[in-house]
Amino acid sequence: LALDKTWQLMTSVIRSIIIHLCTYLLSRVSAMNRVQLLGRVGQDPIMRQVEGKNPVTIFSLATNEMWRTGESEVNQGGEIWHPTLLFLCILGDISQKTTWHRISVFRPGLRDVTYQYVKKGSRIYVEGKIDYGEYTDKNNVRRQATTIIA
């Protein structure tokens, strides 16, 4: 009985500490903008420098999503199938979506390493934040661009 009371007291204290810690953290962090991507590089990185601004390394990254869209009918005729074919049919129809991301690297050390070593087809992990911007194209049309700042 004493052990049970001690356990209840300990869990109550720990719960209280966690609640206070979460409340404190939430009061200090008003928002979060964080992205994690794992994909393949679409082109060799390029380095650009606009006059009066720091250089930036830019490349594209492809990420893929795959999902099962429905049930396929398996072995309707009663014939015996190879186990691999049977497994693929049980999965149903597989759909895939590729999303392209524009990655910009401004930090000097990371920018230079990215430019020098990252190549088209490389599988890499990118962590950064989403940036929404606008620019005017060569036809004087305002465009919106989404970029991941790594």
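Computed from a prediction, not measured in an experiment: that's the story for all the values here.

Engineer: Sorry if this is basic, but what is going on with the overall build of the protein here?
Structural biologist: Broken down by element type, the protein carries three helices and six strands. The order of α-helices and β-strands along the protein, N terminus first, is α-β-β-β-α-β-α-β-β. When each of the 150 residues of the protein is scored for burial, the buried share is 21%. Long-range contacts, defined here as pairs at least 24 residues apart, represent 62% of the contacts in the protein between residues at least 6 apart. In the form shown here, the protein has an accessible surface area of approximately 12,200 Å², with 57% of it arising from carbon and sulfur atoms.

Engineer: Is there a simple way to think about the pairing of strand β6 (residues 142-149) in this case?
Structural biologist: As defined by bridge partners, strand β4 (residues 93-105) adjoins β6 across two bridges and the pair is classed as parallel. Residue pairing in the sheet places Ile103 in a bridge with Ile148 of β6. Two strands pair when backbone bridges link them, and strand β5 (residues 123-136) and β6 are joined in this way by eight bridges, in the antiparallel orientation. From the neighbouring strand, Ile130 faces β6, where its bridge partner is Ile148.

Engineer: What is the right way to look at the pattern of salt bridges in this model?
Structural biologist: Throughout the structure, instances matching the rule amount to four salt bridges. For Glu134, the salt bridge is made with Arg142, and the minimal N-O distance between the two is 2.2 Å. Put simply, Asp137 and Arg143 hold a salt bridge, and the shortest N to O gap is 3.0 Å.

Engineer: Explain unusual backbone geometry to me, please; I cannot follow it from the model alone.
Structural biologist: For residues other than glycine, phi is negative in most cases, and the peptide bonds are mostly trans. Here Asn140, not a glycine, exhibits a phi torsion of approximately 65 degrees, which is positive. You can see Asn140 is positioned in the loop between β5 and β6. According to the relative accessible area criterion, Asn140 is exposed, its value standing at 64%.

Engineer: Explain the side chain of Asp137 here, please?
Structural biologist: By the element assignment, Asp137 lies in the loop between β5 and β6. A distance of 2.8 Å separates a polar side-chain atom of Asp137 from the backbone nitrogen of Val141.

Engineer: Is there a simple way to think about the nonpolar core in this case?
Structural biologist: A general tendency of soluble globular proteins is for nonpolar side chains to be buried together. Of all hydrophobic cores here, the largest spans twelve residues; its members are Val35, Leu37, Val41, Phe59, Leu61, Ile103, Val105, Val118, Ile124, Val126, Ile148 and Ala150. Put simply, the parts of the chain that give this core at least two residues each are β1 (35-41), β3 (56-70), β4 and β5. In terms of residue count, the dominant contributor to this core is β1 (three residues). Setting aside its immediate chain neighbours within four residues, Phe59 contacts Val41, Gln43, Pro45, His101, Arg102, Ile103, Val105, Thr114, Ile124 and Val126.

Parameters and conventions
- Residues numbered from 1 in each chain as written.
- Predicted model: local features only at pLDDT ≥ 70, side-chain atom pairs only at ≥ 80, totals over all residues.
- Heavy atoms only, no water.
- Helix = DSSP H or I, 4+ residues; strand = E, 2+ residues; numbered from the N terminus.
- Buried < 20%, exposed > 50% of the residue type's maximum accessible area, 1.4 Å probe, protein only.
- Contact = heavy atoms within 4.5 Å.
- Areas by Shrake-Rupley, 256 points an atom, 1.4 Å probe, with all protein chains shown as cover.
- Pairing = 2+ DSSP bridges.
- Salt bridge = Lys/Arg side-chain N within 4 Å of Asp/Glu carboxyl O.
- Polar contact = N/O pair within 3.5 Å; in protein donor to acceptor, adjacent residues only side chain to side chain.
- Core = buried A, V, L, I, M, F, W, Y, C linked by side-chain atoms within 4.5 Å.

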